[in-house]
Amino acid sequence: MNWPGFSFLFGAWYFLALIPLVVLYFLKLKRPRLEIPSLALWQSVVNDQRVNSPFQKFRRNLLLLLQLILLCLVILALMQPFISVGPETAEYLPVLIDCSASMSSLVEGSDKTRLDLAKERIEDLRGNGKIALFAFATAGRRLTDFTDDKQILSRALQKVQTTHRASKLDEVLRMVDAVGRTLPVHRVVVITDGNLKEQVDFELPFKLEVQRVDEGGDNLGITEMNARRSGPDSWDVFVRVAGSTSEPVNGELTLTQDGKVVGREPVAASADDSERIVFSVDSIESSLIQATLKSSGFDSLELDNTVWLNLPKTRPLRVRASSDLYSWQHALNVLPELDLDSGEQPSAPEYDLIVSDSEDLAGAAAPVIVYNGVLPEELQDLITVSDVDVDDTPVQIVDWVSTALLLRHVRLRDVQIGQKARFAEGADAQDLEERGFEILVHGAEGPLMLQRRRGLETEYYFLFHTDRSTLPYRVAFPILVTNVIESAMQQASLSEVVAASTGVLPALSVTPDREYVIQGPNGETDKVRSTVNGLLTGVQADVVGKYDITDAGELVASVGTGLLSPLETSLRSVVELQFAELNVTTNESQIIDTDRHLWWTLALLAFIFLLVEWWYFQRMKTGIVA
């Protein structure tokens, strides 16, 4: 049996009000006038009444009894009594609130969002334990410490707002797990619309209850936008539109370039059949493209209706090739729209692509670097490279990662190599991965080509010198060089650009070591200093819209973002979440277990006693008058 508890125990001090109520009744004693035949026995009667009359008066006064009961009921209601539903509510309960973009979708026929429904679901969550609120979208955020103060929880709940990002459950669960290492957390409640990834990379150390709010209405949104160069001065802009229902929803897609309308197309998309629209745009200088979608019917989510895309200024690709790499220079010279530097020393500090036969780049830098015949210094204890002797069999390539960008459509089966690379004793591919390297080409005794990604830079290492192999004489070599150029052009956004989603803006090339002001679409500003290499990185873009980068009040560039999440646009609710060891079913109708509140019952009883008192004594007065 669970004994009742009280949320406002200090209200018990109001029971002291019973004392003045009783005292007032004693002071209000009325002595009736009676005529008696004799005073002989009066003295003994008075002595008995002095002892017993106060308590007899108390027992005989029905009005006093009703008012005492009425006052006690009001005070008990003020103390907010409750009956606990079980021992779990007496422990620490984290409540996770989904604040992803889909939670801002409207419920058809109402002005409430899914987040409003989630707040209603948890605003009455009370218990004899302590509750902590967490908000999550792509990342998690702790809103309150564990507390039983309802005012703190209510204020934190009122400040919860939806974000312009997709939802991800992993990180916030790890936050709760870290809290659970110091506090007894046995149960965690998630309030969400169910618009989550089914696979969750997390091992549950506690019981997880996932509660879904009601689904939103129909939605039509933009889930993808990119552009590909179709000519020296023209681009093809691709926009994908998807819906949330099985039936197609109609709408109109408008494309503007620097504020001018350049295209308008009708669209019709459903959850199972998205539509891809292509616009042709002429652009020599950098320009800002905006795609705007308008649904012909009810659209529950407005965030995914607008996307921005930056088209860069047309220019040749800046390439640096070492002076001794004749085969690479010859292959690069025949390609169009290249500015090739093959001198003894680099003529510029920055390039789009560097092909080098040494790790010493003489101060030059590029987002894509190809090292030819170079073993990274940090791998010299794991790999050894030596020349093939005359009597040895030439090294042949055993396997390669054909899906890698540099090796697409490249066949290396018959290439013979005059240098061999082998693992040191006890070393293997896992040791390379731990140091950030991935093997792209495998030889019989060790790796022959490696890849390493460091931030925005990508490095490729040919552990053998290509001139000491048959590779330059194969058809694979010009294809390989073309892939290298395409990779560099993509990194420089010269051949293909993709619209940026909310989170962090793509890196921008600006004046080195200078402070810039970024003004977001919501009016907020931020100051970011560029790197010594002239890159503006790490600019937060949490809201869908256009971001203006200014220098001393002058506009330097404008960059836009979009939601661009097929999952969020679909408004789809998963039925089951798959964790590492078990599956958790999401429940739509189940209500979170909370304590049963008794204050309203006591208040109702007090009101009934008040009506009974009024009716009874009013009836008596009416009878006497009659």
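Please read all numbers here as calculations on a predicted model, not as lab measurements.

Asker: So what's going on with the overall build of the protein chain? Residues and values would help.
Answerer: The helix and strand tally for the protein chain stands at eleven helices and 38 strands. In the protein chain, which comprises 626 residues, the proportion classed as buried is 44%. The long-range fraction of contacts in the protein chain, counting pairs at least 24 apart against all pairs at least 6 apart in sequence, stands at 68%. Accessible area for the protein chain stands at about 33700 Å²; split by element, carbon and sulfur atoms hold 52% of it.

Asker: Give a detailed account of the pattern of salt bridges, specifying residues and quantitative values.
Answerer: By the definition in use, this model includes 25 salt bridges. As a salt-bridge pair, Arg 229 and Glu 337 come within 3.1 Å of each other at their nearest N and O atoms. Here the residue Arg 229 occupies a position in strand E8 (residues 220–231), and Glu 337 occupies one in the loop between helix H7 (326–333) and strand E16 (338–341), the gap between them amounting to 108 residues.

Asker: Tell me about the sheet that holds strand E34 (residues 546–551), residues and numbers included.
Answerer: Pairing is mixed in the open sheet, where five strands are placed in the order E27-E35-E34-E30-E31. Each edge of the sheet is formed by a strand with only one pairing partner; in this case those strands are strand E27 (500–501) and strand E31 (525–529).

Asker: Describe the side chain of Ser 104, and please don't skip the residues or the numbers.
Answerer: Locating Ser 104 in the fold gives a position in the loop between strand E3 (92–98) and helix H4 (114–122). We classify Ser 104 as buried; its relative accessible area is 17%. Polar side-chain contacts of Ser 104 include one of 2.6 Å to the backbone oxygen of Ala 101.

Asker: Go over the sheet that holds strand E24 (residues 447–454), please, and point to the residues and values.
Answerer: As summarised here, the arrangement of the nine strands in space is E16-E15-E17-E18-E25-E24-E23-E20-E21, forming an open sheet in which the pairing is mixed. Each having just a single partner strand, E16 and strand E21 (416–417) make up the two edges of the open sheet. As defined by bridge partners, strand E15 (residues 317–321) adjoins E16 across four bridges and the pair is classed as parallel. Looking at E16, one finds that Arg 318 is bridged to Asp 339.

Asker: An account of a negative patch on the surface is needed here, citing residue identities and associated values.
Answerer: On the surface, Asp 428, Glu 433, Glu 434 and Glu 438 cluster together to form a negatively charged patch. Checked against the element boundaries, Glu 438 lands in strand E23 (residues 437–443). For Glu 438, a relative accessible area of 38% gives the class partly exposed.

Asker: Break down the packing of aromatic side chains for me, citing the residues and quoting the values.
Answerer: Pairs of aromatic rings are described using the distance from one ring centre to the other and the angle between the two planes. Applying the stated criterion across every chain yields a total of seven aromatic pairs. Each ring, one from Phe 202 and one from Phe 206, has its centre 6.3 Å from the other, and the planes form 35 degrees; the classification is tilted. Here Phe 202 matches Phe 206 in class, with each residue buried. Centre to centre, the rings of Trp 328 and Phe 462 are 6.3 Å apart; their planes meet at 65 degrees, and the pair counts as edge-to-face. Separated by 134 residues along the polypeptide, Trp 328 in helix H7 and Phe 462 in strand E25 (residues 457–462) bring together distant segments of the chain. Comparing Trp 328 with Phe 462, the two get one shared label, buried. Taken together, the ring pairs in this structure connect Trp 328, Phe 462, Phe 464 and Phe 477 into an aromatic cluster.

Asker: Break down the packing of H7 against helix H9 (residues 476–491) for me, citing the residues and quoting the values.
Answerer: Describing two packed helices takes the angle between their axes plus the distance from one axis to the other. Close contact between H7 and H9 brings their axes to 10 Å; oriented N to C, the two are set at 70 degrees. Comparing the axis directions of H7 and H9 gives the class roughly perpendicular. Here Ser 327, Trp 328, Ala 331 and Leu 332 of H7 come into contact with H9, specifically with Phe 477, Val 481, Val 484 and Ile 485.

Asker: Can you explain the environment of Phe 10? Please cite residues and give values.
Answerer: Here Phe 10 lies in the loop between strand E1 (5–6) and helix H1 (18–27). Overall, Phe 10 belongs to the exposed group, its relative accessible area being 63%. As a C-alpha pair, Phe 10 and Met 79 span 69 residues in sequence and 7.3 Å in three-dimensional space.

Asker: An account of the nonpolar core is requested, with residue identities and associated values reported.
Answerer: Formed by 60 residues in total, the largest nonpolar core has its most connected members in Trp 328, Leu 353, Ile 383, Leu 407, Leu 412, Val 441 and Leu 450. Among the elements that make up this core, the one with the highest residue count is H9 (eight residues). Core analysis: the next-biggest nonpolar cluster, separate from the first, contains 25 residues, Val 239, Ile 277, Ile 289 and Leu 311 among them.

Quick notes on the rules
Residues numbered from 1 in each chain as written. Predicted model: local features only at pLDDT ≥ 70, side-chain atom pairs only at ≥ 80, totals over all residues. Heavy atoms only, no water. Helix = DSSP H or I, 4+ residues; strand = E, 2+ residues; numbered from the N terminus. Buried < 20%, exposed > 50% of the residue type's maximum accessible area, 1.4 Å probe, protein only. Contact = heavy atoms within 4.5 Å. Areas by Shrake-Rupley, 256 points an atom, 1.4 Å probe, with all protein chains shown as cover. Salt bridge = Lys/Arg side-chain N within 4 Å of Asp/Glu carboxyl O. Pairing = 2+ DSSP bridges. Polar contact = N/O pair within 3.5 Å; in protein donor to acceptor, adjacent residues only side chain to side chain. Patch = residues over 30% accessible without salt bridge, like charges linked within 9 Å, V, L, I, M, F, W, Y side chains within 5 Å. Lys, Arg positive; Asp, Glu negative; His and termini not counted. Charge placed at Lys NZ, Arg CZ, Asp CG, Glu CD. Phe/Tyr/Trp six-rings, centres within 6.5 Å; stacked < 30°, edge-to-face > 60°. Axes fitted to C-alpha atoms, helices over the stretch in contact; angles between N-to-C directions. Parallel < 35°, antiparallel > 145°, perpendicular 65-115°, else oblique. Core = buried A, V, L, I, M, F, W, Y, C linked by side-chain atoms within 4.5 Å.

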